[in-house]
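# Analysis of the macromolecular model
This is what each chain is made of:
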There are 2 protein chains.
Amino acid sequence: MKTAPASARADEPRWLTDEEQRVWRSYIDASTLLEDHLDRQLQRDAGMPHIYYGLLVQLAESPQRRLRMTELAMSAKITRSRLSHAVARLEKNGWVRREDCPSDKRGQFAVLTDDGYEVLRRHAPGHVDAVRQAVFDRLSPEQQKSLGEIMRIIAEGLQPSEAGADLPWLR
Amino acid sequence: MKTAPASARADEPRWLTDEEQRVWRSYIDASTLLEDHLDRQLQRDAGMPHIYYGLLVQLAESPQRRLRMTELAMSAKITRSRLSHAVARLEKNGWVRREDCPSDKRGQFAVLTDDGYEVLRRHAPGHVDAVRQAVFDRLSPEQQKSLGEIMRIIAEGLQPSEAGADLPWLR
DNA sequence: GGGTAGAAGTTGAGAGTTCAAGCAAGCCGG
DNA sequence: CCGGCTTGCTTGAACTCTCAACTTCTACCC
């Protein structure tokens, strides 16, 4: 029953070596624990999950404290749908407000409100502490640098579209 | 109103430096994209999210292809509640079965069924490919080693309980 | 101008996660 | 052997996320 290979994969799958498996398991464990830890910390202190907090931060850093929905979704690396739901919730909290885009009637801005800014101001120190304690305080400067490089590489590889991706004929 | 400091934090919050912020942002971006990518890959190919797949793998690697609920939850770094829901779903798929523990009537084993094993066997190659393409193929051997060490450190720091944690009087 | 493909954003249903509460069984001091 | 503490696991409700429509508007083409 092997006359016609069912998939395009060449032959034997390239399994992970034992060492690769250990690395991968460490990654899964750490990222699961870390996400959980930060979600809990922010949910408890600021009343929202980590990703929502990240949205407020992005807005706070943007000119006029506002961003088009699609831009915000891209910079947070989430789908527009997910963002739509998230902004709806943040709007209910009074931390974000929607505004129509004058130049494109389909467009919406998500705007950080004063209340939203205030929440951020109040809870940023606690969150920074949590990140420090979980990550930076435990790593040497070399490890921090290394982590940055590694994660940048991985993110680049997965980015749905990045500089030049709209020019596919250049490879 | 500052006679009694409300928290244990000394005074000024220690903000992240610009470089630390870049590292952290890279981490958030990469881990968000990667989780998403693997969830989608496994949902599409195997019909379950990444974490469920991980549960099946843990069971497959365990003696008798079975594990007590609490042990499985700990090794997957999730809460018992979450595991309970997850196993309920996997049971509906026929990939896992529950069995009573004879020595402790409160206890339950989660047992990987033959169907569950088969699903794993069929989809492991595709998943390994996805992990390779997203991570290992992009990193040098030194970076892989480094990633393993860094993630091990972070996981250690967040582990709710680890070797010696049941001896708190030793610090 | 009218047709149409694509982009921006939303929606609803179903699946997954969290949190607090709950039940049953084991553990133990008296 | 009984009362209370703890452990193992489950449950339901509220919340979040995904996926596939769907609406509205823009851009392009002729």
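Residues numbered from 1 in each chain as written. Chains lettered and ligands numbered in written order. Predicted model: local features only at pLDDT ≥ 70, side-chain atom pairs only at ≥ 80, totals over all residues. Heavy atoms only, no water.

Contacts to DNA strand C come from 23 residues, most closely from A:Arg40, A:Thr70, A:Ser84, A:Arg98 and B:Ser81. For DNA strand C, the fraction of protein-proximal atoms (within 4 Å) that sit in sugar or phosphate groups is 68%. One of the backbone N or O atoms of B:Lys105 is found 3.1 Å from a phosphate oxygen in DNA strand C. Going through the elements one at a time, helix H1 (18-46), helix H3 (69-76) and helix H4 (80-92) of chain A together with helix H2 (50-61) and helix H4 (80-92) of chain B are the ones with two or more residues in the surface near DNA strand C. In the surface near DNA strand C, the residues fall into four nonpolar, eight polar and eleven charged. (Near = heavy atom within 4 Å. Polar contact = N/O pair within 3.5 Å; in protein donor to acceptor, adjacent residues only side chain to side chain. Helix = DSSP H or I, 4+ residues; strand = E, 2+ residues; numbered from the N terminus. Nonpolar A, V, L, I, M, F, W, Y, C, P; charged D, E, K, R; others polar.)

On to the environment of A:Glu20, then. Tracing the sequence through the fold places A:Glu20 in helix H1. What makes A:Glu20 buried here is its relative accessible area of 11%. Measuring from C-alpha to C-alpha, the distance between A:Glu20 and A:Gln58 comes to 35 Å, with 38 residues separating the pair along the chain. Contact partners of A:Glu20, with chain neighbours within four places excluded, come to A:Trp15, B:Arg132, B:Phe136 and B:Gln144. Engagement of the side chain of A:Glu20 in a polar contact is seen with the backbone nitrogen of A:Thr17, the distance being 2.8 Å. (Buried < 20%, exposed > 50% of the residue type's maximum accessible area, 1.4 Å probe, protein only. Contact = heavy atoms within 4.5 Å.)

Residues and elements named next belong to chain B. One pass over the full model with this rule turns up 28 salt bridges over all chains. Between Asp104 and Arg106 there is a salt bridge, and its shortest N-O distance comes to 2.9 Å. Overall, the relative accessible area of 73% leaves Arg106 in the exposed class. Between Arg121 and Glu118 there is a salt bridge; the shortest N-O distance is 2.8 Å. In this pair, Arg121 and Glu118 both sit in helix H5 (residues 114-134), three residues apart, roughly one turn of the helix. When its relative accessible area of 29% is taken as the criterion, Glu118 is described as partly exposed. (Salt bridge = Lys/Arg side-chain N within 4 Å of Asp/Glu carboxyl O.)

Before going further, it helps to spend a moment on the relation of the copies chain A and chain B. Expressed as a screw transformation, the operator carrying chain A onto chain B has a rotation angle of 180° and an axial translation of 0.0 Å, and the superposed copies differ by an RMSD of 0.0 Å. As the rotation angle and translation indicate, the two copies are arranged about a two-fold axis. An overlap of 100% is found between the interface residues of chain A and their copies at the interface of chain B, pointing to a shared contact surface. (Least-squares fit on C-alpha atoms with pLDDT ≥ 70 in both.)

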